[in-house]
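Here is what each chain is made of, one letter per residue.
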Amino acid sequence: MSLFKKKPSDFLLTHGDSIIKDAQRELKNPARRLLGKRLLTLGGIAMLSGCDLSNDKSVDSALRQISFFNDRVQGLLFDPNEMAPTYPESMITRPFPFNAFYDIDDVPEVDAATYKLQVSGLAKGKQTWTLDELRALPQESQITRHICIEGWSAIGHWGGVRFSDFLRRAGADTSAKYVSLHCADNYWTSIDMPTALHAQTLLTLTYDGDVLPPKYGFPMKLRMPTKLGYKNPKHIVAISVTNTYPGGYWENQGYNWFGGS
Ligand SMILES: Nc1nc2c(c(=O)[nH]1)N[C@H]1C(S)=C(S)[C@@H](COP(=O)(O)O)O[C@H]1N2
Ligand SMILES: [Mo]
């Protein structure tokens, strides 16, 4: 299967600036000159930022180059206090695009009544959560931009529980390195703890004020506006806190693990 199977033409990529800044800083490192040259020949996404990048093949390749960035460097550059931009309701992309490693007809049907979220690993709190228990926790919402490595971006409106709040309630060891997230469609990904605790990282239960529909990840999606689309898992059924590198579905096929800014 091609990693870049779709070329949606009607979305604008206007943000990705922090990733670009990382890229520019990285260019100063002589050990990465070759990579730097490659990035430069791509014209610099920073300069393209704000332009209509639809049908621009360089977007795919530019994002792909960025995905080669060293995870450690990205981790060091990550600023836990820096917020991703938020947008007014008028800027929400309608309809918000669907994407997965399969077609929309194959979206998994998760049964709300029997659904349970499992928490395991370095966490000594409650290990099983029902949907009602998650809905009873304090809720927040955000309108942020989702950027997919395939070369499109879109603004969406998600609501749910602040992940740092959830992790605390689940008794997670927040000094652990990773949080891995396993999904009903056997997709999985994993994130660094600083991103897990970032104020905009949200365990979402709603989309645009309604229960999260199946296509957007019912019953829950972890939404991180600081990370690329593939790091935002839908249909999460299990969460594990660990110091052992968990990888991910796309990450194990060559996508950059940190995948964000
Ligand atoms: N469970 C699961 N989560 C997933 C994926 C997937 O295939 N399965 N695809 C990822 C990718 S690449 C993108 S761009 C977003 C798309 O989310 P959306 O359908 O809400 O736009 O989901 C991400 N999370
Ligand atoms: Mo994606």
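An unreviewed UniProt entry lists the protein chain under the name Molybdopterin-dependent oxidoreductase, with Paraburkholderia acidisoli as the source organism.

Peer 1: Can you walk me through the packing of aromatic side chains in this structure?
Peer 2: The geometry of an aromatic ring pair is captured by two quantities: the separation of the ring centres and the angle between the planes. Scanning the entire structure with this criterion turns up 18 aromatic pairs. Consider the rings of Phe96 and Tyr216, whose centres lie 5.7 Å apart with planes at 90°: the pair is edge-to-face. Taken together, the positions of Phe96 in the loop between helix H5 (71–77) and strand E1 (117–121) and Tyr216 in the loop between strand E8 (210–211) and strand E9 (221–223) put the pair 120 residues apart, joining distant regions of the chain. According to the relative accessible area criterion, Tyr216 is buried, its value standing at 8%. For the ring pair Tyr178 and Tyr245, a centre distance of 5.8 Å and an interplane angle of 75° mean the geometry is edge-to-face. Taken together, the residues span a long stretch of sequence, with Tyr178 in strand E5 (residues 178–183) and Tyr245 in the segment after strand E10 (236–242) at a distance of 67 residues. Given a relative accessible area of 13%, Tyr178 falls into the buried group. According to the relative accessible area criterion, Tyr245 is partly exposed, its value standing at 44%. Lying across the ring of Trp158, Arg223 places its NZ or CZ 4.3 Å from the centre.

Peer 1: Even after reading the chapter, I still don't get the pattern of salt bridges, so can you show me in this structure?
Peer 2: Pairs may arise between side chains of opposite charge once their charged atoms sit close together. Going through the model one piece at a time under the given rule, you end up with seven salt bridges. Note that Glu140 and Arg162 form a salt bridge whose closest N and O atoms lie 2.8 Å from each other. In this pair, Glu140 sits in strand E3 (residues 140–148) while Arg162 sits in strand E4 (residues 152–162), placing the two residues 22 residues apart along the sequence. With relative accessibility at 33%, the residue Glu140 sits in the partly exposed group. Take Arg162: its relative accessible area is 31%, and that puts it in the partly exposed class.

Thresholds, definitions, all that
Residues numbered from 1 in each chain as written. Chains lettered and ligands numbered in written order. Predicted model: local features only at pLDDT ≥ 70, side-chain atom pairs only at ≥ 80, totals over all residues. Heavy atoms only, no water. Phe/Tyr/Trp six-rings, centres within 6.5 Å; stacked < 30°, edge-to-face > 60°. Helix = DSSP H or I, 4+ residues; strand = E, 2+ residues; numbered from the N terminus. Buried < 20%, exposed > 50% of the residue type's maximum accessible area, 1.4 Å probe, protein only. Lys NZ or Arg CZ within 6 Å of the ring centre and 35° of its normal. Salt bridge = Lys/Arg side-chain N within 4 Å of Asp/Glu carboxyl O.

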